[in-house]
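Spelled out, the chains give:
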Amino acid sequence: MTPRSRTWLSFSEAFDLPLVVDLRTAARALGLGRSTAYKLIHQDSFPCRVLRLGRQYRIPTADLLRALGIEERPIYPADLRAGADFQEQRDSVTEFEPEDYA
C-alpha cells in the first residue's frame, strides 16, 4: 500500500469553501493528516473552533481561515463589476406608484 500524497488547499480553493467544512477538508487546509486532526480534537488542541453535529465534526470556514492567518477575503474585479451592475439596475428601476382606488 502506497502512502497518499497530501496536497494542501490552494489559495483560491480556500476562498471558495462553504460556510462550514468537514474535518478532512480543514485538516487538508492545515496540512494535517486525518488521524492527527482527530487526535488534536480529542486533546482540545485543534487550531480552530470545532462543531460536533451528531457523529460528525464541522469547522466554520471563517475560523479556519483565521487559523491560517487569513483575516479578510480578497475582492476580485469581477465581484466589483457585478456589484456595480446590480447598483445600476437598482437605480434604473422606477418605483412602483400605487394607484388610488378611492
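Residues numbered from 1 in each chain as written. Predicted model: local features only at pLDDT ≥ 70, side-chain atom pairs only at ≥ 80, totals over all residues. Heavy atoms only, no water.

Draft legend 1. Molecular detail of the overall build of the protein chain. Each helix and strand counted, the protein chain has five helices and three strands in total. Shown N-terminal to C-terminal, the secondary structure of the protein chain runs as helices and strands in the order α-β-α-α-β-β-α-α. Scored against the burial criterion, the 102 residues of the protein chain give a buried share of 25%. Taking all contacts inside the protein chain whose residues are at least 6 apart in sequence as the whole, residues at least 24 apart take part in 44%. Of the roughly 8,500 Å² that the protein chain leaves accessible, carbon and sulfur atoms contribute 53%. (Helix = DSSP H or I, 4+ residues; strand = E, 2+ residues; numbered from the N terminus. Buried < 20%, exposed > 50% of the residue type's maximum accessible area, 1.4 Å probe, protein only. Contact = heavy atoms within 4.5 Å. Areas by Shrake-Rupley, 256 points an atom, 1.4 Å probe, with all protein chains shown as cover.)

Draft legend 2. Molecular detail of the packing of helix H2 (residues 23–30) against helix H3 (residues 34–42). Contact geometry of H2 with H3 gives a least axis separation of 9 Å together with a crossing angle of 105 degrees. Considering the angle they form, H2 stands roughly perpendicular to H3. Contacts from Leu-23, Arg-24 and Ala-27 in H2 reach Arg-34, Ala-37, Tyr-38 and Ile-41 in H3. Of the residues that constitute the contact of H2 with H3, the class distribution is five nonpolar, no polar and two charged. (Axes fitted to C-alpha atoms, helices over the stretch in contact; angles between N-to-C directions. Parallel < 35°, antiparallel > 145°, perpendicular 65-115°, else oblique. Nonpolar A, V, L, I, M, F, W, Y, C, P; charged D, E, K, R; others polar.)

Draft legend 3. Region of interest: the sheet that holds strand E2 (residues 51–53). Strand order across the open sheet formed by three strands is E1-E3-E2, with antiparallel pairing between neighbours. Taken across any chain shown, the strands that pair with only one partner, and hence form the sheet edges, are strand E1 (20–22) and E2. For this sheet, the mean inter-axis angle between neighbouring strands, taken without regard to orientation, is 40 degrees. Across three bridges, the pairing between E1 and strand E3 (residues 56–60) is antiparallel. Looking across to E3, one finds that Val-20 is bridged to Pro-60. This element, H2, spans E1 and E3 of the sheet and lies at about 90 degrees to E1. (Pairing = 2+ DSSP bridges.)

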